[in-house]
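Here is how the chains run, residue by residue.
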Amino acid sequence: MSSRCSPGGAPGCRTGWCSLKAIADLRGARSPAAAEPAARPAAPQLDQVVRLLSVLVLHGGAVDLLVREEESPAKKGAPLVTFGAFMRSLMAVVKAVKPKEYGSSSELSLLRGNLALIVANVAARQEDAAAHRLVAAIDLAPVVEVFIQCLRKEVGPVQKNCGVAVTALARVERYKPMVRALNGFESLHQIQLANQVK
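The text that follows walks through the structure, step by step, so that each part is easy to find. The model shown is predicted, which means the values in this text are computed figures rather than measured ones.

### Structural notes on the packing of helix α5 (residues 109–127) against helix α8 (residues 156–170)
Packed helix pairs are specified by the crossing angle of their axes together with the interaxial distance, meaning the distance between the axes. Relative to each other, α5 and α8 sit at 25°, their axes nearing to 8 Å. Classed by the angle they form, the pair α5 and α8 counts as roughly parallel. With respect to the hand of their crossing, α5 and α8 are arranged in left-handed fashion. Where α5 approaches α8, its residues S109, L110, G113, A116, L117, V119, A120, A123 and A124 are matched on the opposing element by V158, N161, C162, V164, A165, A168 and L169.

### A short note on helix α4 (residues 83–96)
The end-to-end C-alpha separation of α4 is 20 Å, in line with the 20 Å expected for 14 residues at 1.5 Å each. By the criterion of burial, α4 is predominantly enclosed, with 10 of the 14 residues buried. Those residues of α4 that fall on the buried side of the exposure criterion are F83, G84, A85, F86, M87, S89, L90, M91, V93 and V94.

### Regarding the side chain of S109
Considering the arrangement of structural elements, one finds S109 in helix α5. If sequence neighbours within four positions are ignored, S109 has contacts with E154 and V158.

### Observations concerning the packing of aromatic side chains
Within the structure shown, the criterion is met by one aromatic pair. On the numbers, 6.3 Å between centres and 40° between planes, the contact of F83 with F86 is tilted. Highlighted residues: F83 and F86, both in helix α4, separated by three residues, approximately one helical turn. Using a relative accessible area of 0% as the deciding quantity, one classes F83 as buried. One residue, K153, lies across the ring of Y102, its end atom 5.2 Å from the ring centre.

Conventions used here
Residues numbered from 1 in each chain as written. Predicted model: local features only at pLDDT ≥ 70, side-chain atom pairs only at ≥ 80, totals over all residues. Heavy atoms only, no water. Axes fitted to C-alpha atoms, helices over the stretch in contact; angles between N-to-C directions. Helix = DSSP H or I, 4+ residues; strand = E, 2+ residues; numbered from the N terminus. Parallel < 35°, antiparallel > 145°, perpendicular 65-115°, else oblique. Left-handed = near helix turned anticlockwise from the far one by under 90°. Contact = heavy atoms within 4.5 Å. Expected span 1.5 Å × (residues − 1). Buried < 20%, exposed > 50% of the residue type's maximum accessible area, 1.4 Å probe, protein only. Phe/Tyr/Trp six-rings, centres within 6.5 Å; stacked < 30°, edge-to-face > 60°. Lys NZ or Arg CZ within 6 Å of the ring centre and 35° of its normal.

The structure is reproduced here in structure tokens:
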């Protein structure tokens, strides 16, 4: 019997292969900003991929799996995907879908919201002094400004997710000065007050 789970990613997967396959597939996903006009409708498909990845990161142990896969002494050859490559791919997508307008949800809003949860999870791990070196080595600084912009320009649940990301980034000492310089703390406070009034 094969040790790999079914192509659909069966819940009974014990090897983690389906998680790694989904993560590796992100490397082949083109960001909406880089896509040709005819390929623009691919944004919803990219959103589905990122939504799956957010579930794997938040609930499926994908970060631990990637770290374990990368450091396994019994592993022969290069890992299917490294944690660094995974995060670089995600951050490239984050920067490509930076919002341009205020208060108007677009086809990319859900994508931003799911990306925010992944970044928040990684930032929360980095806050821990005992974070694994591969996790601690990831530099999330390139997406700090993007999520502060998302926090200001998105609405509803997506804005809430972006707030979670900005809050998590602000708790990490190396990103805190950037959040402060970009008035991220003020934005968090203003939006919190606005939501209390509603």
